[in-house]
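# Working through the structure, step by step
Below are the chains, spelled out letter by letter.
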Amino acid sequence: MTFDELHTLYQLPLFELIKRAREVHEKHFPEGKIQLCTLLSIKTGGCSEDCAYCSQAARYKTELERHVLMEREEVMAHARVAKESGSTRFCMGAAWKGVRGGTEQFDRVLDIVRDVASLGMEVCVTLGELGPEEAKQLRAAGVASYNHNLDTSPEHYPNIVTTHTYEDRLRTIRNVQDAGISVCCGGILGLSETIADRLRLLEIISGFNPHPESVPINSLMPMPGTPLADNPQVDPLDVVRMIACARIAVPTAKVRLSAGRSRFSDEAQALCFYAGANSIFYGEKLLTTDNPTAAADRALLEKLGLGTLEPDMRHTAPQADPTMPLNPQPEACGAGKCC
Ligand code: SAM
Ligand code: DTB
Ligand code: SF4
């Protein structure tokens, strides 16, 4: 979708926007089920990057306890618990700038991926920058989806991160798509961005060819010690608007109501689901911060009469549309000018 189209949508009265998003949602997801994903931080803190929102960046004095790469058995214990509690996707995050093939750490990650995939769960990883070879190896090990967020617009990105560029992020996303892995790519609200920055993010993501399989919408969890520690809380109605726009801009993607949900009332979450969110992080911890408990989420879904999705083990990534160009190149999205 173009920026102008998104802008027109965003300006609609909220109920009109939600009505349009709901129509798209019902067309593409008639069963209306919610995907349950569990997160685990397999390597915590000590990251070389300077993402202004992140407690895991080594340079900020945060209260975080660092942890080296978790042992395979420990990861499996978490994955089994997640599966037993009804989660169908297991997302493992590592606080790295990126990974390199042939290293002991990467080989260990591949072993972990094989093990978790053997449980019959969809495996998602988020390990930072990836080259084409590493992406192929992850795919062969059983990775269904790779999370790599663009977080905000290319214009605002350099205010948030200086140790890597928007172009770097786009290159990794291309490598993931070329390896046949589904892309999970979204952003964060609350980074002192403008509405235009939010819509630019959606413009770029909706221009991906193939489209991402999932789009996480995070609200900033302000972390003491980070440059954004004092940013105000995001208004849940802004999240509803963003979710509705994402639903319309990327109609076949699962739109994930992600970080920040612990501060949302049941009513705000219900509105997010109605506006097109159909995936959540499930389990009491995100990577390093709190999430609603599994019991609270089960109670909420029951109250709303919402069922949950089965795992999709076919690992079929969305296909590129041959009549359209591939992902917008950095020049086209403007990233080349500002990064
Ligand atoms: N290092 C990898 C990377 O940067 O892609 C993976 C881990 S990183 C923590 C994954 C995503 O978590 C970030 O892109 C960001 O969208 C989200 N995130 C991190 N800290 C957050 C916070 N304090 N509030 C909301 N979202 C956050
Ligand atoms: C995503 O978009 N959100 C998740 C996941 N992908 C990796 C991470 C949220 C992190 C929130 C802050 C924390 O727990 O450290
Ligand atoms: Fe945090 Fe990932 Fe940025 Fe590292 S690269 S500081 S883990 S968001």
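Values in this document were obtained by computation on a predicted structure and should not be read as measured data.

Turning our eyes to something else, we now look at the overall build of the protein. Looking only at helices and strands, the protein features 13 helices and nine strands. The burial tally for the protein puts 57% of its 339 residues in the buried class. Considering only contacts in the protein between residues 6 or more positions apart, those separated by 24 or more positions represent 78%. As displayed, the protein offers around 14400 Å² of accessible surface, 53% of which is attributable to carbon and sulfur atoms.

Within the structure, ligand 3 sits among C47, E49, C51, Y53, C54, A57 and A95. Along the lines of polarity and charge, the residues of the shell around ligand 3 split into six nonpolar, no polar and one charged.

Viewed as axis vectors pointing N to C, helix α10 (residues 266-274) and helix α11 (residues 294-304) meet at an angle of 60°, and their least axial separation amounts to 11 Å. Taken together, the axes of α10 and α11 are oblique relative to one another. For the pair α10 and α11, the crossing hand works out as right-handed. Where α10 abuts α11, its residues D266, Q269, A270 and F273 lie against D297, L300, L301, K303 and L304.

A few words now on the site of ligand 2. Around ligand 2 lies a shell formed by L39, T126, N147, N149, P216, N218, A259, F281, L286, L287, T288 and T289. N149 places a side-chain nitrogen or oxygen 2.9 Å from an oxygen atom of ligand 2. At a separation of 2.6 Å, an oxygen atom of ligand 2 approaches a polar side-chain atom of T288. Taking 410 Å² as the accessible area of ligand 2 by itself, protein coverage stands at 86%. Of the residues contributing to the shell around ligand 2, the split by class is six nonpolar, six polar and no charged.

Let us now look at the pairing of strand β8 (residues 254-257). Burial along β8 is two-sided: the residues K254 and R256 and V255 and L257 are all buried. Handedness of the strand β7 (residues 214-219)-helix α9 (residues 236-249)-β8 crossover: right-handed. Here β8 pairs with strand β9 (residues 277-281) via three bridges, running parallel. If you follow L257 over to β9, its bridge partner there is I280. A crossover links β8 with its parallel partner β9, the connecting element being α10, and its sense is right-handed.

So, about the environment of D168. Structurally, D168 is set in helix α7 (residues 166-178). D168 gets classed as buried once you look at its relative accessible area, which sits at 18%. Residues D168 and I34 lie 134 residues apart in sequence; the distance between their C-alpha atoms is 32 Å. Side-chain polar atoms of D168 contact the backbone nitrogen of T165, separated by 2.9 Å.

Reading the values: the criteria
- Residues numbered from 1 in each chain as written.
- Chains lettered and ligands numbered in written order.
- Predicted model: local features only at pLDDT ≥ 70, side-chain atom pairs only at ≥ 80, totals over all residues.
- Heavy atoms only, no water.
- Helix = DSSP H or I, 4+ residues; strand = E, 2+ residues; numbered from the N terminus.
- Buried < 20%, exposed > 50% of the residue type's maximum accessible area, 1.4 Å probe, protein only.
- Contact = heavy atoms within 4.5 Å.
- Areas by Shrake-Rupley, 256 points an atom, 1.4 Å probe, with all protein chains shown as cover.
- Near = heavy atom within 4 Å.
- Nonpolar A, V, L, I, M, F, W, Y, C, P; charged D, E, K, R; others polar.
- Axes fitted to C-alpha atoms, helices over the stretch in contact; angles between N-to-C directions.
- Parallel < 35°, antiparallel > 145°, perpendicular 65-115°, else oblique.
- Left-handed = near helix turned anticlockwise from the far one by under 90°.
- Polar contact = N/O pair within 3.5 Å; in protein donor to acceptor, adjacent residues only side chain to side chain.
- Right-handed = clockwise from strand over helix to strand, strands pointing away.
- Pairing = 2+ DSSP bridges.

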